[in-house]
Amino acid sequence: MAALTATVRPRRITAVDGERSAATGPLDRADVSSWRMQGFALVDDLLPADLIERAAADGREGFAPPGSVDPAAPADFGSGGRFVFPAESDALNEITLHPRLLAVAAQLLDTPVRSLRLTQSDLWVKYGRSRSSSNPGDNDDQRIHVDYPNHTLTHPPPWDEPDAVEIIVYLSDVDNCGGATRVVPRRGEGDPAYPWPIVGTPGVGGLEWVNDRAAAEAMLAASDSDVADFRAEHLYAREVEVAFKPGTVLWYRHDTWHRGTALVPGTIRMVINLTFRRATSEWISTLHEGWAWAMYRRSQVMERLITTATVDQRCVLGFPAPGHTYWTPATLAAVRARYPGIDLAPYGPQP
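Presented here is a report on the structure given in the accompanying data block. Each chain has its residues counted from 1, following the order in which its sequence is written. It should be noted that, the model being predicted, local features are given only for residues of pLDDT at least 70 and side-chain atom pairs only at 80 or more, the latter also being counted only at that level, while totals for whole chains, interfaces and linings use all residues. Water and hydrogen atoms were dropped before computing side-chain values, which therefore reflect all heavy atoms in the structure.

### So, the overall build of the chain
Where we set the bar: Numbering of helices and strands runs from the N terminus; a helix is a DSSP stretch of H or I covering at least four residues, while a strand is a stretch of E covering at least two. Both definitions apply: the radius of gyration is a C-alpha atom measure, and the globule rule equals 2.2 Å times residues to the power 0.38. Relative accessibility decides the category of a residue: with a 1.4 Å probe and only protein chains considered, values under 20% of the type maximum give buried, values over 50% give exposed, and everything between is partly exposed. Residue contacts are counted whenever heavy atoms from the two residues lie within 4.5 Å of one another. Each accessible area value is a Shrake-Rupley result obtained with a 1.4 Å probe; residue values ignore everything except the protein chains displayed when judging cover. In this tally, Asp and Glu contribute negative charge and Lys and Arg positive charge; neither His nor the terminal groups of the chain are included. The location of each charge is read from NZ of Lys, CZ of Arg, CG of Asp or CD of Glu.
The helix and strand inventory of the chain stands at 11 helices and 10 strands. Since a compact globule built from 351 residues should have a radius of gyration of about 20 Å, the 21 Å found for the chain is in line with a globular shape. Across its three principal axes, the chain shows a C-alpha extent of roughly 75 × 45 × 45 Å. In the chain, which comprises 351 residues, the share counted as buried stands at 54%. A fraction of 82% describes how many contacts in the chain between residues 6 or more apart in sequence connect residues 24 or more apart. Of the roughly 16,200 Å² that the chain leaves accessible, carbon and sulfur atoms contribute 54%. Computing the positive centroid from 34 side-chain charges and the negative centroid from 44, the chain places the two 4 Å apart.

### Let's talk about the packing of helix H2 (residues 29-38) against helix H5 (residues 99-109)
We count it as follows: Inter-axis angles, ranging from 0 to 180 degrees, are taken between N-to-C directions of lines fitted to C-alpha atoms, where helices are fitted over the stretch in contact. Every angle not falling under 35 degrees, over 145, or within 65 to 115 is termed oblique; those three ranges are roughly parallel, roughly antiparallel and roughly perpendicular. Rotating anticlockwise by less than a right angle from the far helix to the near helix defines a left-handed crossing, while the corresponding clockwise rotation defines a right-handed one. By the convention adopted, Pro, Cys, Tyr, Trp, Phe, Met, Ile, Leu, Val and Ala count as nonpolar, Lys, Arg, Asp and Glu as charged, and the other residues, Gly among them, as polar.
Closest axis-to-axis distance for the H2/H5 pair is 10 Å, and the angle between their directions is 55°. Of the possible angle classes, the one that applies to H2 and H5 is oblique. Read as a crossing pair, H2 and H5 show a hand that is right-handed. The residues of H5 that touch H2, namely those facing Val32, Trp35 and Arg36, are Gln107, Leu108 and Leu109. Residue composition of the contact of H2 with H5, by class: four nonpolar, one polar and one charged.

### Here's the deal with the packing of aromatic side chains
What describes a pair of aromatic rings is the distance from one ring centre to the other and the angle between the planes of the rings. Formally: Note on ring pairs: Phe, Tyr and Trp rings are taken, using the six-membered ring of Trp, and paired if centres are within 6.5 Å. Classes follow the plane angle, with under 30 degrees stacked, over 60 edge-to-face and the rest tilted.
Scanning the model with the defined rule gives 10 aromatic pairs in all. Both rings, one in Phe319 and one in Trp327, keep their centres 5.6 Å apart while their planes meet at 40°; by these two values the pair is tilted. With respect to burial, Phe319 and Trp327 carry one shared label: buried. When the ring of Tyr326 is compared with that of Trp327, the centres are 4.9 Å apart and the planes differ by 80°; the resulting orientation is edge-to-face. In this structure Trp327 comes out as buried when scored by relative accessible area, which is 10%. What links up through ring pairs into an aromatic cluster is the set Phe319, Tyr326, Trp327 and Tyr347.

### Focus on the pairing of strand E8 (residues 249-252)
Heads up, the condition is: At least two bridges found by DSSP between two strands is the condition for calling them paired.
Of the two faces of E8, the one holding Val249 and Trp251 and the one holding Leu250 and Tyr252 are both buried throughout. Two strands pair when backbone bridges link them, and strand E3 (residues 40-44) and E8 are joined in this way by four bridges, in the antiparallel orientation. Bridge pairing in E8 links Ala41 to Trp251. In this structure, strand E5 (residues 164-170) lies alongside E8, joined through four bridges in antiparallel fashion. The residue of E8 that forms the bridge with Glu166 is Tyr252.

### So, the nonpolar core
The condition that has to hold: We define the nonpolar core as a collection of buried residues of types Ala, Val, Leu, Ile, Met, Phe, Trp, Tyr and Cys that are connected through side-chain atoms lying within 4.5 Å of one another.
Counting residues in hydrophobic clusters, the biggest one holds 63 residues, and the most contacted among them are Val169, Trp251 and Phe276. Counting residues in hydrophobic clusters, the runner-up holds 14 residues, among them Ile168, Tyr170, Ala180 and Leu250.

### Points about the pairing of strand E4 (residues 116-127)
Burial analysis of E4 places 10 of its 12 residues in the buried class, the great majority of the element. Where E4 and strand E10 (residues 268-278) come together, 11 bridges link them in antiparallel fashion. The residue of E10 that forms the bridge with Lys126 is Arg269.

### Some thoughts on helix H3 (residues 49-62)
One turn of the α-helix equals 3.6 residues, which is why residues spaced by three or four share an orientation. Definition in use: Helix span, as expected, comes to 1.5 Å for every residue beyond the first.
With 14 residues, H3 should cover 20 Å at 1.5 Å per step; its first-to-last C-alpha distance of 20 Å lies within 8% of that length. At its buried positions, H3 is contacted by helix H4 (90-96), E4, E5 and E10.

### Points about the side chain of His98
Checked against the element boundaries, His98 lands in the loop between H4 and H5. Ignoring sequence-local partners within four residues, the contact set of His98 consists of Leu47, Pro48 and Leu51.

### Things to note about unusual backbone geometry
With an omega of -5°, the peptide bond between Phe85 and Pro86 qualifies as cis. Here Pro86 lies in the loop between H3 and H4. The omega torsion across Trp196 and Pro197 is -5°, close enough to zero to call that bond cis. Positionally, Pro197 belongs in the loop between strand E6 (181-183) and helix H7 (213-223).

### Here's the deal with the sheet that holds strand E1 (residues 7-8)
Sheet architecture is open: four strands sit in the order E1-E7-E6-E9, paired in mixed fashion. Among the strands making up the open sheet, the edge pair consists of E1 and strand E9 (258-260). Two elements, E1 and strand E7 (residues 240-242), share two bridges in a ladder whose sense is parallel. Bridging from a neighbouring strand, Thr7 pairs with Glu241 of E7.

### Some remarks on H7
Operational definition: This arc corresponds to the set of directions leading from the helix axis out to the C-beta atoms. Nitrogen and oxygen atoms within 3.5 Å of one another constitute a polar contact, given that in protein one can donate a hydrogen and the other can accept it, and given that sequence-neighbouring residues count only through two side-chain atoms.
When we look at burial in H7, the residues that qualify are Ala216, Glu217, Met219 and Leu220. All buried residues of H7 project into a common sector of 155° when viewed along the axis, lining one side. The exposed residues of H7 that point more than 90 degrees off its buried face are Ala214 and Ala222. Looking at where H7 begins, the residue whose side-chain oxygen comes 3.4 Å from the main-chain nitrogen of Ala214 is Asp212.

Printed below as a string of structure tokens:
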């Protein structure tokens, strides 16, 4: 019989955290240490409950309800473009640029908020099915993996020099839908689960890309038994399960071993997946179309967002910061003409 998987429960953000956050960030030292040492941190109550419910309601309206999809169809990644930032969902946009979310990303990367850059924000849906697909790319019960291969053309830097933070904001309750994320906590320098470089995963180092857990491990057993043995002994044997409810936030890294698990049949799980990188880490790709592409939408969602955003929020999207050489009397006048009502006082003298 397989050993029971341990469960990690989120720490609740408290009023004390809120008082401290303006100076140092909303997480306490244990949270930050967990992310930097073990590869993940898990918290509750970071974001307003009503904002989480609004995002969940938008997701329920935008996706087919549970049980209405073909149970044999593999679950896809992402929202199919429906909830990519900037979305027509104001709630998703608010979560993406929420000051507390940005403050934690900056805290974990030990960099100012204005030195962060958004590279991913999308509301993902996953459906619980009564049986697994035979498709090796199936997303139902994933193989353990790291995320860096589809975020960068390079390899993450050494462990103590992280250049990005990944985030899952859960909009569902694991007690209802299952589908818990599983992670492999790092046990410090020299941990055999985290060798350098990290290549023992399908899709890296010449190994075939296979997503389904059973298919991936069968492929590895046949093609590279050393990798298969490493994964069985050091990864699956040590994975822990993340408990979540609406509003739980998981902070992890491009080099954290993790995977998604199967949902309860007939249910749905919704999450928001986000990534922020250091502004200087240009080798990390933006997963979506450029934010300015949204300027073609008749809804003018991006125009409104830029007009009303804070300086920090604009910087995260790549808008030049105050003091940048871009800002001259000419560009100040031009940007002001593009966005009627925008406050450009922080960027330079006003006419």
